[in-house]
Amino acid sequence: MSVSYKPVIWNRTKMIYDGVLLAGIVVYILIFLKAGPLLSPALREVDLPTQRMRAFGSLALLMLTIVLAIGPLARIDTRFIPLLYNRRHFGVMTFIVAATHAHYVLGWYFSYSPTPQLTALFTSNTSFTSVAGFPFELFGVFALVILAILAVTSHDFWLSFLTPPLWKAIHMSVYFAYAAIILHVALGALLDRHDLALGLLLVGGLALLSTLHLIAGHREVGADAAASARAPEEPWIVVGNLSEIAEGRAIIGASPGGERIAVFRSKGGLSAVSNVCSHQNGPIGEGKVVLGFITCPWHGYQYRPEDGCSPPPFRERICKYRIRLQGSEVLVDPEPLPLGTKLDPVQIPAEFLSSTSNKERTT
């Protein structure tokens, strides 16, 4: 968390993240340009400018596939959560790589056009009724515009200015960009040269993303169904058992309306808060208690367990919920309290304090 807006708040983790990312980009381009022509007859038959275009274009597709895979991977296995911390950096780099691909395309195919390059791009091919000759360039432009918007609005200033729900909705358009790139490649490069490696990247990436999202979605639906059981003749919901909650961690329940609630255990007490971080709607229940504060696993935003408010000078707040114990079962009132309401943690009876979680503890 930061008190003021800065272009980039550098720290050691971000430097390592971006350093590895830049190194990967450089290595990929060098391998593509140096080893590609030796392995692929199709690359040997084209000139260097075309090789550069294909190198940056295929890399942009690969990077966007990885960006979209990080989310479901983190939901399936918490060991992937660190990749989420600076995913926006990954997204901005993906846009830069895609823009470089577009720059090479314009500079090579339209550099000698008597009309302006962009005008020539949009008017040189108008075969909208033919699949084989369809102007696939339009899909590439559409995807690039979306990636540009996401890169420009990736800073927390825009998150605050637009509000998290609107910002999140805008950034979900990355899936439209991915669909447009799929069509751009399928109707363009694949129809033109039947490149096996590019086809594997396209089809394999699409199959991988579809599988990961289906697995993650199935787990989330199952978790919601298992966590939304009602207590007998009560409006409260049974979230789980004390033995399921590791010290400093949480279990997640779902209200009848679908709102997710995270119940944290810390220092002998239980606190229930909304599972949605006010920063980027991150899953707070997958985080942990750090120095007495509930900490979101995505970007480290913190909240006090007693009132759901961030420590001064920050002003973020999340909803609190009432808790009660029925034996070792944890019950939560699904009706949220007004923002900022202070509610002391519910103390765990002495006979249950020695109970430990049967889930793996992560430090």
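Rules used in this analysis
- Residues numbered from 1 in each chain as written.
- Predicted model: local features only at pLDDT ≥ 70, side-chain atom pairs only at ≥ 80, totals over all residues.
- Heavy atoms only, no water.
- Helix = DSSP H or I, 4+ residues; strand = E, 2+ residues; numbered from the N terminus.
- Buried < 20%, exposed > 50% of the residue type's maximum accessible area, 1.4 Å probe, protein only.
- Contact = heavy atoms within 4.5 Å.
- Axes fitted to C-alpha atoms, helices over the stretch in contact; angles between N-to-C directions.
- Left-handed = near helix turned anticlockwise from the far one by under 90°.
- Nonpolar A, V, L, I, M, F, W, Y, C, P; charged D, E, K, R; others polar.
- pLDDT = per-residue confidence, 0-100.
- Expected span 1.5 Å × (residues − 1).
- Phe/Tyr/Trp six-rings, centres within 6.5 Å; stacked < 30°, edge-to-face > 60°.
- Lys NZ or Arg CZ within 6 Å of the ring centre and 35° of its normal.
- Pairing = 2+ DSSP bridges.
- Salt bridge = Lys/Arg side-chain N within 4 Å of Asp/Glu carboxyl O.
- Core = buried A, V, L, I, M, F, W, Y, C linked by side-chain atoms within 4.5 Å.

(A) Spotlight on the overall build of the protein. Along its length, the protein carries 10 helices and 11 strands. Taken along its principal axes, the extent of the C-alpha atoms in the protein is 80 × 40 × 40 Å. Here the protein holds 363 residues, and 41% of them are scored as buried.

(B) Layout of unusual backbone geometry. Here the residue pair Pro312 and Pro313 is connected by a cis peptide bond, since its omega of 10 degrees sits within 30 degrees of zero. Tracing the sequence through the fold places Pro313 in the loop between β7 (302–303) and β8 (320–321). A positive phi angle is found at Lys267, which is not glycine, with a value near 55 degrees. With respect to the helices, strands and loops of the structure, Lys267 is situated in the loop between β3 (260–266) and β4 (269–274). Its identity is not glycine, yet Leu291 carries a phi of approximately 55 degrees, on the positive side. Its location among the elements puts Leu291 in the loop between β5 (288–290) and β6 (293–295).

(C) Inspection of the side chain of Arg54 at higher detail. With respect to the helices, strands and loops of the structure, Arg54 is situated in helix α3 (residues 48–76). If sequence neighbours within four positions are ignored, Arg54 has contacts with Phe32, Ala42, Leu43, Val46 and Arg193.

(D) Molecular detail of the packing of helix α4 (residues 87–109) against helix α6 (residues 137–152). Running from N to C, α4 and α6 point in directions that differ by 145 degrees, and their axes come no closer than 9 Å. As α4 runs across α6, the sense of the crossing is left-handed. Contacts between α4 and α6 involve Val92, Phe95, Ala98, Ala99 and Ala102 from the former and Leu144, Leu147, Ala148 and Ala151 from the latter. For the contact of α4 with α6, the residue count by class is 9 nonpolar, no polar and no charged.

(E) Inspection of the confidence of the model for the protein at higher detail. Per-residue confidence for the protein averages 85 on the pLDDT scale, and 90% of its residues sit at or above 70. Mean pLDDT per element in the protein: helix α5 (residues 117–123) is the minimum at 76, and α6 is the maximum at 95. Within the model, pLDDT remains below 50 along residues 229–233, and this stretch shows 9 contacts once partners closer than five positions in the same chain are excluded. Note that residues 357–363 has pLDDT below 50 and, in this model, 14 contacts with residues that lie over four places away or in other chains.

(F) The arrangement of α4 in detail. The end-to-end C-alpha separation of α4 is 33 Å, in line with the 33 Å expected for 23 residues at 1.5 Å each. Burial in α4 covers these residues: His89, Phe90, Met93, Thr94, Val97, Ala98 and Leu106. Its buried side turned inward, α4 meets α1 (12–39), α3, α5 and α6.

(G) Quick look at the packing of aromatic side chains. Under the defined criterion, the tally for this structure stands at 6 aromatic pairs. Ring centres 5.9 Å apart and planes at 10 degrees place the aromatic pair Phe157 and Phe161 in the stacked group. Pair noted here: Phe157 and Phe161 are both in helix α7 (residues 156–162), with a separation of 4 residues, about one helical turn. One aromatic cluster in this structure is built from Phe157, Trp158 and Phe161. Lying over the aromatic face of Trp298, Arg87 brings its terminal NZ or CZ to 5.9 Å of the ring centre.

(H) Looking closely at the pairing of strand β9 (residues 323–326). In this structure, β9 lies alongside strand β10 (residues 329–332), joined through 4 bridges in antiparallel fashion. Note that in β10 the partner of Arg324 across the bridge is Leu331. Where β9 hands over to β10, the hairpin turn is made up of 2 residues, of which Gly327 adopts a positive phi near 70 degrees.

(I) Representation of the pattern of salt bridges in the model. Throughout the structure, instances matching the rule amount to 5 salt bridges. Shared partners join several salt bridges into a network, and the residues in it are Arg304, Glu306 and Asp307.

(J) Main features of the sheet that holds strand β1 (residues 237–241). The antiparallel open sheet is built from 3 strands, whose spatial order is β1-β10-β9. The strands lining the two open edges of the sheet, one partner per strand, are β1 and β9. Here the average twist between neighbouring strands, direction ignored, is 30 degrees.

(K) How the structure looks around the sheet that holds β7. Strands sit in the order β5-β6-β7 across an open sheet of 3 strands; the sheet is antiparallel. Every other strand in the sheet has two partners, leaving β5 and β7 as the edge strands with one partner each. By the bridge criterion, 2 bridges tie β6 to β7 in an arrangement that is antiparallel. Its bridge partner lying in β7, Ile294 is registered against Tyr303.

(L) Local environment of the environment of Ile96. Positionally, Ile96 belongs in helix α4. Sequence separation of Ile96 and Ala151 is 55 residues, and the distance between their C-alpha atoms is 9.0 Å.

(M) Just the nonpolar core, in detail. Within the largest apolar cluster, 54 residues are counted, with the highest numbers of intra-cluster contacts made by Met63, Phe264 and Ile284. If you list the elements that add at least two residues to this core, you get α1, α3, α4, α6, α9 (174–193), α10 (196–227) and β3. Ranked by residue count, the leading element in this core is α3, at 12 residues. In contact with Ile284, other than residues within four places in its own chain, are Phe264, Ser274, Asn275, Val276, Cys277, Ile294, Thr295, Cys296, Pro297, Tyr303 and Ile318.

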